[in-house]
Protein chains: 2
Amino acid sequence: MVSMKDIATKCNVSVATVSKALNDRNDVGEETREYIKKTAKEMGYSPNSLARALRTNRSYNIGVLFVDEGRSGLTHDYFANVLDSFKAVVEDHGYDLTFINCSKKREPRLSYLEHSRYRGYDGVVIACIDFSDPEVIELANSDIPLVTIDYMFNNHSGVVSNNYAGMTELVKYIVSKGHRKIAYVCGEDTAVTRNRLAAFYKVLEENNIEIPDDYVMHGAYRSINRTEKFTDALLDRPDRPTCILYSDDYSAMGGLNSVRRHGLSVPEDISIAGYDGITLAAKLQPSLTTIKQDTQAIGEHAAIKLLNLIEHPRTEALEQIVVDGTLVPGKSVAEIK
Amino acid sequence: MVSMKDIATKCNVSVATVSKALNDRNDVGEETREYIKKTAKEMGYSPNSLARALRTNRSYNIGVLFVDEGRSGLTHDYFANVLDSFKAVVEDHGYDLTFINCSKKREPRLSYLEHSRYRGYDGVVIACIDFSDPEVIELANSDIPLVTIDYMFNNHSGVVSNNYAGMTELVKYIVSKGHRKIAYVCGEDTAVTRNRLAAFYKVLEENNIEIPDDYVMHGAYRSINRTEKFTDALLDRPDRPTCILYSDDYSAMGGLNSVRRHGLSVPEDISIAGYDGITLAAKLQPSLTTIKQDTQAIGEHAAIKLLNLIEHPRTEALEQIVVDGTLVPGKSVAEIK
DNA sequence: TAAAAATGCGAAAACGATTAAGGAAGGTTT
DNA sequence: AAACCTTCCTTAATCGTTTTCGCATTTTTA
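Residues numbered from 1 in each chain as written. Chains lettered and ligands numbered in written order. Predicted model: local features only at pLDDT ≥ 70, side-chain atom pairs only at ≥ 80, totals over all residues. Heavy atoms only, no water.

1. Brief notes about the protein's contact with DNA strand C
Inference 1: Surveying the vicinity of DNA strand C reveals 28 residues, the closest of which are T17, G29 and T32 of chain A together with S19 and R55 of chain B.
Inference 2: Backbone atoms, meaning sugar plus phosphate, form 63% of the atoms of DNA strand C positioned within 4 Å of the protein.
Inference 3: G29 of chain A is positioned such that a nitrogen or oxygen atom in its backbone is 2.3 Å from a phosphate oxygen of DNA strand C.
Inference 4: Interatomic distance of 2.6 Å between a backbone N/O atom of M4 of chain B and a phosphate oxygen of DNA strand C.
Inference 5: Among the elements of the structure, α2 (15-22) and α4 (49-56) of chain A together with α2 (15-22) and α4 (49-56) of chain B are those that each provide at least two residues to the surface near DNA strand C.
Inference 6: Looking at the surface near DNA strand C, its residues break down into 10 nonpolar, 11 polar and seven charged. (Near = heavy atom within 4 Å. Polar contact = N/O pair within 3.5 Å; in protein donor to acceptor, adjacent residues only side chain to side chain. Helix = DSSP H or I, 4+ residues; strand = E, 2+ residues; numbered from the N terminus. Nonpolar A, V, L, I, M, F, W, Y, C, P; charged D, E, K, R; others polar.)

As structure tokens, then:
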């Protein structure tokens, strides 16, 4: 490994001068600067982020905390897309992305905060996790710049998709198609779920639609199997709904399967709708009516916000950034005469 | 930030002693060690990986290079699962995972190798990328421990899924169902594709099955749209195949759509099969016959191999680790009378 | 022309850890 | 009692940078 010292020796200057030349500082002669840069290139110099970070207290490294049922959250389509977009932006700005170690086996185990200090992250992005986890809260209460996705801590910035508006649009659309017996198999009780549920009831109320309480079932996100069971229950009722909403597109597939197992078809007999708008949704038969989340925008906003918090901590306001989704009307919701 | 220096001051010992106590070295008195550890905990000490790495030349950080069409590869179901498994293992061993910056915009742009040196990665895992990229080759020719996934450099270890065996099993199964007019919409020309194709032809040959050359079409991986077009072409032929294989499960969905658009149904009129065995495959209607890749095993093997290369560079053999997939017989391939 | 200002560079400390070498105190062996 | 180990701790160097301060030298200003 060739270091600044090697370059300094070769160029007959001091290490300080090399550093200044390579960093384009102004107290070094034009000629010397060029010579040093040229020599550095020739010698195949590459900087050492560790030393630099140690000295400057800036690692240009961002920690990402995505945990999904003990796994990384990588396998979660929606979050993988958000992360992908986030990553692109921060990398363009010279930052790298490191996963915050969430191994439970490691000895000694570091908490999320300890791990973040250990690696010297300049900032942290959190998504797709149990936000009531004490370790997450500890991290949120630290002085490390932080943005959350799809959740808001009261003293931090976050990016949330507009679940209320999205659900409103979706339910309005469904109502406009003539449905009045609408069921909703929603996800676990989270902020996201609560917003959607509020919108769901609101639109029904506005349209003077009353549904049995147990038309709303608390399922789980991304669980095809559980959703299938819930749908079975709904379909076995005497007052069967004409349309069923699901927490996400995956879950909707569970519904689709259940409907078919009952010898019924979508959308002729039962209409269904998902949420998220994953690539696949449009490719299903019938194509799924859903709300497409703008994962690209969510990732970008989160990245830009975090970078600003890191680089301009004084002037950057804490805010909640709301990203709208868009209705993608597929073929899975039929018009009721 | 409390450092060893602070602990040393508080405990009235030298920094060296603190370091040795916390690292459980044996030239520290039992009593002192305990006292130091206790104090460290009380003071909320957390180590600094940057300083440690700078001094020891070991970052306990692993670089991951996943690039998919200019994106991170995160959105690629198969690789996301492999990475997830890889991550779990290395994290259990105290290593962290950082993405190798692949931004094209960043100024100055570091090559993959330069970036790896910059961050001081102890090792690197590469998958899902154009392996003929000069930068990838530069990285492979460096002295950084390396494992590849689904590709082999001749002087490095790698983990590959057993595409030859998988495809053999799949085609044999299909032949056993009575199919003789079998088409294959395969992916781009990569090592993976070539192995599968070889197996495909081999099994046909063994069964004295001859197919028109243009039953084999070179499509792309994970492109539902392109696959749909290719399938259209196959179905419009007078000598229409009875079964079509696809490069992956996503692509198979494109096929499914095309078949249905032709007013035909799967598997009654046309049988189809995918590859990879993504979660969704089993949930499609009809459930997709496919080869399930053992992403868990692939990730684990890659991780263990890399850790061994890092920690025991002398004794660790270079090898190709082959991971078998398993046939998942769905309902998408019918028996032909 | 003398004083003031600007320019270009180096010395050295610092960031937070690890580790080789050495030394004092006490115990054990001859 | 001399010689020799152990045990436990310290000193100091080191990793590769950045950055403050100061010192020449040159240029500008009065």
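2. Let's talk about the environment of H218 of chain B
Residue and element names in this part refer to chain B.
Inference 1: With respect to the helices, strands and loops of the structure, H218 is situated in strand β7 (residues 216-218).
Inference 2: The sequence separation of H218 and V185 amounts to 33 residues, and the corresponding C-alpha distance is 6.1 Å.
Inference 3: Other than its neighbours up to four places away in sequence, H218 contacts C186, G187, T193, L197, R226 and F230. (Contact = heavy atoms within 4.5 Å.)

3. A look at the protein's contact with DNA strand D
Inference 1: As a structural note, the neighbourhood of DNA strand D is formed by 28 residues, with S19 and R55 of chain A together with T17, G29 and T32 of chain B the closest of them.
Inference 2: When the atoms of DNA strand D within 4 Å of the protein are sorted by group, sugar and phosphate make up 63%.
Inference 3: Contacts to DNA strand D include T32 of chain B, whose side-chain N or O atom sits 2.4 Å from a phosphate oxygen.
Inference 4: At 2.6 Å from a base oxygen of DNA strand D is found a side-chain nitrogen or oxygen belonging to R55 of chain B.
Inference 5: The set of elements that each furnish at least two residues to the surface near DNA strand D consists of α2 and α4 of chain A together with α2 and α4 of chain B.

4. Quick word on the interface of chain A and chain B
Inference 1: At the interface, 54 residues of chain A touch 53 residues of chain B.
Inference 2: Counting each side, the surface lost to burial between chain A and chain B is near 5,200 Å², with a carbon and sulfur contribution of 54%.
Inference 3: Considering only the surface of chain A that becomes buried against chain B, Y118, R119 and K283 of chain A emerge as the three largest contributors, covering 13% of it.
Inference 4: Where chain A meets chain B, there are four salt bridges.
Inference 5: Between D96 of chain A and R119 of chain B there is a salt bridge, and its shortest N-O distance comes to 2.7 Å.
Inference 6: There are 27 residue pairs in polar contact (both at pLDDT 80 or more) connecting chain A and chain B.
Inference 7: When residues of the side of chain A that touches chain B are traced back to their parent elements, those giving at least two are α4, α5 (77-92), β2 (96-99), α6 (112-119), α10 (224-236) and α11 (249-261) of chain A.
Inference 8: The element contributing the most residues to the side of chain A that touches chain B is α5 of chain A, with seven residues.
Inference 9: Taken together, the residues of the side of chain A that touches chain B break down into 21 nonpolar, 18 polar and 15 charged. (Buried area = accessible area lost by both parts, 1.4 Å probe. Salt bridge = Lys/Arg side-chain N within 4 Å of Asp/Glu carboxyl O.)

5. Quick notes on the side chain of S103 of chain B
Inference 1: Position of S103 of chain B among the secondary structure elements: in the loop between β2 (96-99) and α6 (112-119).
Inference 2: Looking at S103 of chain B, the relative accessible area reads 5%, which means it is buried.
Inference 3: A distance of 3.2 Å separates a polar side-chain atom of S103 of chain B from the backbone nitrogen of R106 of chain B.
Inference 4: Those residues in contact with S103 of chain B that sit more than four places away from it in its chain are E91 and D92 of chain A together with R109 of chain B. (Buried < 20%, exposed > 50% of the residue type's maximum accessible area, 1.4 Å probe, protein only.)

6. Quick notes on the nonpolar core
Inference 1: Judged by nonpolar contacts, the single largest core of 95 residues is most densely connected at F200 and L245 of chain A together with F200 and L245 of chain B.
Inference 2: Sequence-distant contacts of L245 of chain B, that is, excluding residues within four places in its chain, are made with M167, L170, V171, I174, I182, A183, Y184, V185, F200 and A273 of chain B.
Inference 3: The next biggest cluster of nonpolar side chains, apart from the first, holds 60 residues, and it includes F66, F99 and I321 of chain A together with V64 of chain B. (Core = buried A, V, L, I, M, F, W, Y, C linked by side-chain atoms within 4.5 Å.)

7. Details of the sheet that holds strand β6 (residues 182-186) of chain A
All names here are of chain A.
Inference 1: Pairing within the open sheet is parallel, and its four strands lie in the order β7-β6-β8-β9. Where the open sheet ends on each side, the last strands, each with one partner, are β7 (216-218) and β9 (271-273). The mean angle between the axes of side-by-side strands here comes to 15°, regardless of whether they run parallel or antiparallel.
Inference 2: Set on the sheet, helix α8 (residues 163-176) makes contact with β6, β8 (243-246) and β9; between it and β8 the angle comes to about 165°. (Pairing = 2+ DSSP bridges. Axes fitted to C-alpha atoms, helices over the stretch in contact; angles between N-to-C directions.)

8. Examining helix α12 (residues 295-311) of chain A
All names here are of chain A.
Inference 1: Its 17 residues give α12 an end-to-end C-alpha distance of 24 Å, which sits within 8% of 24 Å, the value for a rise of 1.5 Å per residue.
Inference 2: Turning to α12, its buried residues are T295, A297, I298, G299, A302, A303, K305, L306, L307, L309 and I310.
Inference 3: The inward-facing, buried residues of α12 contact β1 (61-66), α5, β3 (123-127), β4 (146-149), β5 (157-161) and β11 (320-323). (Expected span 1.5 Å × (residues − 1).)

9. Here we look at helix α8 (residues 163-176) of chain B
Inference 1: Helix length check: α8 of chain B, at 14 residues, gives a terminal C-alpha distance of 20 Å against a target of 20 Å (1.5 Å per residue), a fit within 8%.
Inference 2: Those residues of α8 of chain B that sit buried are N163, G166, M167, T168, L170, V171, Y173, I174 and V175 of chain B.

Note that every value here comes from positions in space, so none of it alone points to a role or purpose.
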